[in-house]
Amino acid sequence: MAGNSFGTRFRITSFGESHGKGIGVVVDGMPPGIEIAPAAIQFQLDRRKPGQSQVTTPRKENDQVEILSGVFKGKSTGTPIAMFIANRNQKSGDYDQYRDIYRPGHADFGYDKKYGIRDHRGGGRSSGRETAARVAAGALARLLLEARGIRVQAWTLEAAGIRCETCDPSVVEKNPMRACDPTAAEKMLTAVTALAEKGNSAGGIVECTISGVPAGIGDPVFDKLDARLAGAVISIGAVKGIEFGVGFAAARMAGKADNDEMDGKGFLSNNAGGILGGISTGEPIIFRLAVKPTPSISLPQKTIDSDGREQIIEVRGRHDPCICPRIVPVVEAMAALTLVDFLLAADKTIG
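Attention in this report is confined to the structure presented alongside it. The structure displayed is predicted, hence computed values, not measured ones. (Residues numbered from 1 in each chain as written. Predicted model: local features only at pLDDT ≥ 70, side-chain atom pairs only at ≥ 80, totals over all residues. Heavy atoms only, no water.)

**As for the overall build of the protein**
Next, step 1: Check the secondary structure of the protein and you find 7 helices and 18 strands.
Next, step 2: Projected onto the principal axes, the alpha-carbon positions of the protein cover approximately 65 × 50 × 40 Å.
Next, step 3: Taken across its 351 residues, the protein has 49% of its residues classed as buried.
Next, step 4: Taking as baseline every contact in the protein between residues at least 6 positions apart, the subset at least 24 positions apart corresponds to 69%.
Next, step 5: Total accessible area on the protein stands at roughly 16200 Å², and carbon and sulfur atoms take up 53% of it. (Helix = DSSP H or I, 4+ residues; strand = E, 2+ residues; numbered from the N terminus. Buried < 20%, exposed > 50% of the residue type's maximum accessible area, 1.4 Å probe, protein only. Contact = heavy atoms within 4.5 Å. Areas by Shrake-Rupley, 256 points an atom, 1.4 Å probe, with all protein chains shown as cover.)

**Section: the nonpolar core**
Next, step 1: Counting residues in each nonpolar core, the largest one holds 80 residues, and the members touching the most others are Phe10, Ile210, Phe287 and Ile327.
Next, step 2: Among the elements that make up this core, the one with the highest residue count is helix 7 (residues 324–346) (15 residues).
Next, step 3: In this structure, Ile210 is in contact with Ile150, Arg151, Val152, Pro284, Ile285, Phe287, Ala335 and Leu339, ignoring residues within four places of it in sequence. (Core = buried A, V, L, I, M, F, W, Y, C linked by side-chain atoms within 4.5 Å.)

**Some details on the sheet that holds strand 11 (residues 239–244)**
Next, step 1: Read across the open sheet, the 5 strands follow the order 9-8-10-16-11; overall the sheet is antiparallel. In this open sheet, the two strands that pair with only one neighbour each are strand 9 (162–163) and strand 11.
Next, step 2: Bridge analysis of strand 10 (residues 204–211) against strand 16 (residues 285–291) gives 7 bridges, and the strand direction is antiparallel. Paired with Ile210 across the strands is Ile285, a residue of strand 16.
Next, step 3: Lying on the sheet, helix 7 is in contact with strand 8 (151–159), strand 10, strand 11 and strand 16; it crosses strand 8 at an angle near 145°. (Pairing = 2+ DSSP bridges. Axes fitted to C-alpha atoms, helices over the stretch in contact; angles between N-to-C directions.)

**Looking at the packing of aromatic side chains**
Next, step 1: One pass over the structure, following the stated rule, counts 3 aromatic pairs.
Next, step 2: Taken together, a centroid distance of 5.3 Å and an interplanar angle of 90° make the contact between Tyr102 and Phe109 edge-to-face.
Next, step 3: Owing to a relative accessible area of 42%, Phe109 belongs among the partly exposed residues under this scheme.
Next, step 4: For Arg228, the ring lying beneath its charged end belongs to Phe342, and the centroid distance is 4.5 Å. (Phe/Tyr/Trp six-rings, centres within 6.5 Å; stacked < 30°, edge-to-face > 60°. Lys NZ or Arg CZ within 6 Å of the ring centre and 35° of its normal.)

**Overview of the sheet that holds strand 3 (residues 22–28)**
Next, step 1: Spatial ordering of the open sheet is given by 1-2-3-7-4, a layout of 5 strands whose pairing is antiparallel. Each edge of the open sheet is held by one strand with a lone partner, namely strand 1 (5–6) and strand 4 (65–69).
Next, step 2: In this structure, strand 3 lies alongside strand 7 (residues 81–86), joined through 6 bridges in antiparallel fashion. Paired with Gly24 across the strands is Phe84, a residue of strand 7.

**Focus on the pattern of salt bridges**
Next, step 1: Applying the stated criterion to the full structure yields 19 salt bridges.
Next, step 2: The partner of Asp46 in a salt bridge is Lys49, and the shortest N-O contact between them spans 3.8 Å.
Next, step 3: Given a relative accessible area of 22%, Lys49 falls into the partly exposed group.
Next, step 4: The partner of Arg309 in a salt bridge is Asp305, with the nearest N and O atoms 2.9 Å apart.
Next, step 5: Owing to a relative accessible area of 4%, Asp305 belongs among the buried residues under this scheme.
Next, step 6: Here the residues in one salt-bridge network are Arg47, Arg142, Glu173, Arg178 and Glu332, joined through shared partners. (Salt bridge = Lys/Arg side-chain N within 4 Å of Asp/Glu carboxyl O.)

The following block contains the structure:
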């Protein structure tokens, strides 16, 4: 299976399945001499792990990271850093009934047609559990970014049709929806819970802001910073769309309103979302992504089995009624990995 590696100078390769022995990642390109605190990696994994609240799957996993190589006496050696996260609470028997049936909204059908074989236990490689490896690798990337004053933070902007009306980044980790508006967070929680009680699920919008990126990062034409960020974020299974700055609203604006004018002090607006011509402007990089509803729902749905026979399926098991809260640290990780790759190319002394 191709497509398991990401990045060039800071390159990661992830492995493992949802119901296998565990999930892991090998990170190549970490500069030597960087202090690697396992607690910093674990902190990010704890933000992503299941069983956090009533809007996440009840599957209980400690997601305890084990560093296998590349770190000596608490510092990176410049060699590949391998990390492993064991699966402890998988219930593979819950998926036996889906062995030959394709679950709507999942990767089952595509995997079967491409490979002729698939791991039906929780989706195997296509499961959201794969993102634990991304978050572990992203935690290393964040160490390099934070040393340069670059901060990446994402939050739930909208869920179940309820949108934040204010934005206070300080409240994001204080509510189970990871929303930037505490009042909206309560309404989201009520709406998502109501859908879950009916066997249904909710989608939403996650917003990410990256501050401290200097102007001049990115390459023209095919290797634009926004193109690489978009590819990184779209690679997350539940993400179905992305926009930068004012995004699709630009289609309804006149050029005078959309253009970011400048004076002697800098840009007068940031409609471009911090990137012009694929290169950073020095303004905050802002993007939003559409997160689809969790496809595993217990309502009756039409589908077919591997022999093409029509079936009715009701997906049971442990699933997030809304993916947004747990996808937040994954989005941050992919953004951090992308930026570090560019910064290593632009500044050989990073780290």
